[in-house]
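If you want the building blocks of each chain, they are given just below.
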Amino acid sequence: MLNNTAMRSILMLFLINLSIVAPNQLNAQNPVPSGSAAIYQQIQKLQVLGSVLYIAAHPDDENNSLLPYLAKEKKYRTAYLSLTRGDGGQNLIGPEQGVELGLIRTQELLAARQIDGSEQYFTSAYEFGFSKTASETLQYWDRKKVLADMVWVIRKFQPDIIVNRFPPDARAGHGHHTSSAVLSIEAFKAAADPNQFSEQLSKGVKIWQTKRLLWNTFNFGGANTTSENQLKIDAGVFNPFLGQSYGEVGGEARSMHKSQGEGRPRRKGPVFEYFTTVAGDSAKIDLMDGIVTDWNRIPSGGKAINELINKIIQQYNFVQPSASIIDLVQLYQQIKSLSYNGVWKEQKLHEIESLIKACAGIVVEATTEAEYAVPGEKLGIQFLVNKRSEAAIQLSKIKLHSLNSVGYDTSINKTLQNNTNYSINYAYAVSLDQPVSQPYWLEAPMKDIGTFDVSNDELIGNANSKPPFIAQFIFTINGVDFTFNAPVQYKFVDLVRGEIFQPLNVIPRVVIALDKNVLLTNIKTPNKKDISASTLLLQFKTNFSAGGLPVTISLKEGEKYLYSKDTIMNFSTGSIYPYFIHLKTAIGKQKPANINAELKFQLNGKNYAYDQLLKTIKYDHIPSINYLYKDQATVIDEPIVSIPKKVGYIIGAGDKVPEALLQLGHSVGILQEADIVDAKLIEYDVIVVGIRAYNIHEWLTNKNEVMNRYIQQGGHLIVQYLKSNLVGNKRVAVGPYDFAMSNIRVTEEKAPVQMLQANHPFLNFPNKISDNDFHNWVQERSTYQMEPVKAPYEAILQMNDTNDKPTNGSLVTTKYGKGNFTYVSLVLFRQLPAGVAGSYKLLANLVSLTPNK
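Residues numbered from 1 in each chain as written. Predicted model: local features only at pLDDT ≥ 70, side-chain atom pairs only at ≥ 80, totals over all residues. Heavy atoms only, no water.

**Describing the overall build of the chain**
Thinking step 1. On a plain count of helices and strands, the chain comes out with 19 helices and 45 strands.
Thinking step 2. Against the 2.2 N^0.38 benchmark of 29 Å for 853 residues, the chain shows a C-alpha radius of gyration of 29 Å, consistent with a compact globule.
Thinking step 3. Considering only C-alpha atoms, the chain reaches an extent of 90 × 75 × 55 Å along its principal axes.
Thinking step 4. When burial is assessed residue by residue, the chain has 58% of its 853 residues classed as buried.
Thinking step 5. Of all intrachain contacts in the chain linking residues separated by at least 6 positions in sequence, the fraction that spans at least 24 positions is 74%.
Thinking step 6. Of the roughly 33,800 Å² of accessible surface on the chain, a fraction of 49% belongs to carbon and sulfur atoms.
Thinking step 7. In the chain, the 85 positive side-chain charges and the 79 negative ones have mean positions that sit 1 Å from each other. (Helix = DSSP H or I, 4+ residues; strand = E, 2+ residues; numbered from the N terminus. Rg over C-alpha atoms; globule rule 2.2 N^0.38 Å. Buried < 20%, exposed > 50% of the residue type's maximum accessible area, 1.4 Å probe, protein only. Contact = heavy atoms within 4.5 Å. Areas by Shrake-Rupley, 256 points an atom, 1.4 Å probe, with all protein chains shown as cover. Lys, Arg positive; Asp, Glu negative; His and termini not counted. Charge placed at Lys NZ, Arg CZ, Asp CG, Glu CD.)

Spelled out as structure tokens, the structure:
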């Protein structure tokens, strides 16, 4: 059995991190080798001056076969603009929700783009949860701000064509999808209008008229919007250089959306895609009808450049790519000398720089053995250069840039030998003024429930924040200087995964964690025994050393101080210092809605205050992510009655319900497959199954009869929502009677709730449930309900979204033998960590129903 602190520690093991990179965005990731075939295809791409921007609402909305076809077969500059980061979805691989899930899905998108060769952009829209209509979506999103972001990306990227995934109507499936199309149509027009968002025109972009806007019609989700009279292309062609078709590449890219359970097969054979024109000139034969997509679009000098590219292609030596360097340098100089200064000049210069680096076999690294950098502390950095070819190249200089200064600048002027490592070790003193690392869209509080507050135009659209430290390696190649940038990365060797590169983050000198995120301060058993939270554990992790330091430890509600204590602390780098606070002593009769902690001290005449927690999320398929936030506990002072039980919990896709059970005074045992036997289950009064557990653990279906015997003998089995009736290709078996969930969900968090059985124990014992207990819910009411509800199941509640029919399947129960089976599609897993008092009362009532145990 687990106490609160132990359970929190175990659940933290599920909180795992991320970070990754799009093709021309600087960020940490493991190096991607560039072989001769890849170099040759990139040289071919130099001939192509065409671009496509694909637009939809979420991670996983993109067409994963079409994008690699456009990027790798047609060799267009291709990008996906996802209006949101997928924050409000459901997480199949862990407990992260909200902005944390958005962080994961950002990196999953970037991992997919690394496979399909496209770029990735975003707006400041927040995915606030499932929305059934565009009108509801656009009430939550700051419509003008999101539209401005889209216009900014269009004006900066300058696509020849824009392709929407969805139509601007109900065929799109739901409100976010529809809104992405509605706003895309508006952005297509606004980007070309100097009177719309005119303030952008003084910040480095110009108006841009995209040639056409198309809709990539589809046949999925029960809707077939394709037609043989639409423009049709086969995106499933085979690429001999890759040894794959684009259906296969798309399957690999799609499978990076692991938090959504989007693993897909590598499709072989034709993959037909259909398009219809929405705005602009109509496309009849090809997506790029009427658009010049080669160097003839450059008014002066384009012809000579095209001839030189053809020469490089014809003379390319697959065994010795470095033989192309002289001509690539000449090409670089020719393009640089063009009087034309549009987007294609910058893009092609960047592509040639990358090609020269690849042809020369140049490797540059700036790495550290430290996982984090800390203001005021030393950071050991190793600069490494290797040139793996016979090309004549000189390393001229290495510089180190932070976000606010140049930290290292040395002339080297060394002729590099073939396949010989050249390295420099440098102890960099991180400035006390160095900003800490934070995803840029999380730097400011959200403006409202639907939009991040991003005001810096330079950041709009970007997938990630800029790295805190960037090394510049300056080489002289054929008399021309080339600068290759590399972020300083944390590099280490994992005994299972091998050599790993991770993003380097700057973190505060002190971070603070609370041991609880919800405090139940008025909870009693039926015999009036007080089982409320009595203490709050603060843990200070220090990332610097200081002895005998006078500090002030405080509890605050916002900026209001509730409690302060002066003490002396001896800080040592990497150490964690626990500090217990007795809540009744600290808070007294104050009734704060929430509590956060602060540590203050003075050092060398300067005042410092720290109040943030460093959250790290780690999954193997994406780089690690770190972000900072103010760790706080929501205080629930509303009276709650709980009857402590022995609860078995089966972890599903990840949630924080076990923590809530512990807060309610229950003892909790985590059950694995081996525990699902009669002798073990009978030990528990109640067994609770985590969200989507039946969809990811086939053994639950295989052990359904064991679970049914547990119920029959007097147990209570509570199953939280399933997303489908399948586990893999097999139908799930849940409970003692026929069971099937539906796609019905109630997404309006304020939707009225009717109590169908007002006298049922779930609504009366040990807590009386009223309408007030459904106030302040977040994001939604229920998801994937049982519908229809048929005997012997009983429906307890009824609810519906605006204009929808009432549904009864959010809370369903039935007796079986001496016990009970209950299906809960109410989103308690969202409400409990959000500190919604009514969700705790409901959970206490559900767990209390053990009539024969």
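So much for the structure itself; the text now carries on.
**A short note on the sheet that holds strand 22 (residues 510–514)**
Thinking step 1. Read from one edge to the other, the open sheet built from three strands follows the order 22-25-28, with strand pairing classed as antiparallel. Only two strands of the sheet have a single partner each, and these edge strands are strand 22 and strand 28 (576–582). Taken pair by pair, the neighbouring strands of this sheet meet at an average axis angle of 20°, ignoring direction.
Thinking step 2. Pairing between strand 25 (residues 535–542) and strand 28: seven bridges, direction antiparallel. (Pairing = 2+ DSSP bridges. Axes fitted to C-alpha atoms, helices over the stretch in contact; angles between N-to-C directions.)

**Examining the packing of helix 3 (residues 66–73) against helix 4 (residues 99–116)**
Thinking step 1. Packing of helix 3 against helix 4 leaves a shortest axis separation of 9 Å and a crossing angle of 45°. As judged from the angle between their axes, helix 3 and helix 4 are oblique. Two secondary-structure elements touch here, helix 3 through Leu-67, Pro-68, Ala-71 and Lys-72 and helix 4 through Arg-113, Ile-115 and Asp-116.
Thinking step 2. Class assignment of the residues belonging to the contact of helix 3 with helix 4 gives a composition of four nonpolar, no polar and three charged. (Parallel < 35°, antiparallel > 145°, perpendicular 65-115°, else oblique. Nonpolar A, V, L, I, M, F, W, Y, C, P; charged D, E, K, R; others polar.)

**Observations concerning the sheet that holds strand 44 (residues 811–816)**
Thinking step 1. Across the sheet, which stays open at both edges, the seven strands sit in the order 36-35-37-38-45-44-42 with mixed pairing between neighbours. Each edge of the open sheet carries a strand with a single partner, namely strand 36 (667–670) and strand 42 (794–795).
Thinking step 2. Note that strand 37 (residues 686–689) and strand 38 (residues 716–720) share four bridges and pair parallel. When the bridges of strand 38 are listed, Ile-687 appears paired with Leu-717.
Thinking step 3. Each of strand 35 (646–650), strand 37, strand 38, strand 44 and strand 45 (819–824) is contacted by helix 19 (residues 837–848), which is oriented at about 140° to strand 38, the strand it contacts most.

Purely geometric numbers; function is a separate question.
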